[in-house]
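# Summary of structural features
Residues per chain, in single letters:
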Amino acid sequence: MDRQTERQTDRQTERQTDRQTETDRKTERQKDRQRDRQIDRQRKTERQRQTETDRKTERQTDRETDRKTERDRQTDRETERQRDRQTDRQTETDRKTDRDRQAGRQTDRQTDRQAGRQADRQTDRQTERQV
């Protein structure tokens, strides 16, 4: 082979090598993009899972808070009822005490009246004896 043919052959070989290299690069870039997309999908899926987990945790926390709040309300209502019952009992005790005092005063007045009548009778008797 002569030099010219050799050069042409070298150029063709070089072009083929360049084309193959470019094809290899394209293939590698394509693989990289596919791998990147797969990684992106995995990350997205993980974020969605984490978001769902966070939501579930938040809902659970909300339910627990609601239960606690309801228990607190129930306790508050029961405490209020107990306070009302105690107040009612105290009011009834106060009324009874007032009635007892009034009855005692009435008894005292009756006793005083009776004692007064007896004193009047005694005075009348003494007066009659003196007369």
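Everything numeric here is computed off the predicted structure, so don't read it as measured data.

## Structural notes on the overall build of the chain
- Across its full length, the chain holds one helix and zero strands.
- Entry remark: accessible area of the chain is about 12,700 Å², with carbon and sulfur atoms responsible for 41%.

## Brief notes about a positive patch on the surface
- Together, Arg3, Arg7, Arg11, Arg15 and Arg19 make up a positively charged patch on the protein surface.
- In this structure, Arg15 sits in helix α1 (residues 3-130).

## Structural notes on a negative patch on the surface
- A cluster of acidic side chains, namely Asp2, Glu6, Asp10, Glu14 and Asp18, defines a negative patch on the protein surface.
- Take Asp18: it is sitting in helix α1.
- Look at Asp18 and you get partly exposed, because its relative accessible area is 47%.

## Details of the environment of Gln38
- Relative to the elements of secondary structure, Gln38 occurs in helix α1.
- Look at Gln38 and you get partly exposed, because its relative accessible area is 35%.

## Describing the pattern of salt bridges
- Inspection of the entire model under this criterion finds 14 salt bridges.
- For the salt bridge of Glu46 with Arg49, the shortest nitrogen-to-oxygen distance reads 3.6 Å. Separated by three residues within a single helix, Glu46 and Arg49 lie in helix α1, roughly one turn from each other.
- Assessed through its relative accessible area of 52%, Arg49 is described here as exposed.
- The closest approach of N and O atoms between Glu70 and Arg77, which form a salt bridge, is 3.0 Å.
- Classification of Arg77 as partly exposed rests on a relative accessible area of 35%.
- Via salt bridges that share partners, Glu22, Arg25 and Arg29 belong to a single interconnected network.

So, how was this worked out
Residues numbered from 1 in each chain as written. Predicted model: local features only at pLDDT ≥ 70, side-chain atom pairs only at ≥ 80, totals over all residues. Heavy atoms only, no water. Helix = DSSP H or I, 4+ residues; strand = E, 2+ residues; numbered from the N terminus. Areas by Shrake-Rupley, 256 points an atom, 1.4 Å probe, with all protein chains shown as cover. Patch = residues over 30% accessible without salt bridge, like charges linked within 9 Å, V, L, I, M, F, W, Y side chains within 5 Å. Salt bridge = Lys/Arg side-chain N within 4 Å of Asp/Glu carboxyl O. Lys, Arg positive; Asp, Glu negative; His and termini not counted. Charge placed at Lys NZ, Arg CZ, Asp CG, Glu CD. Buried < 20%, exposed > 50% of the residue type's maximum accessible area, 1.4 Å probe, protein only.

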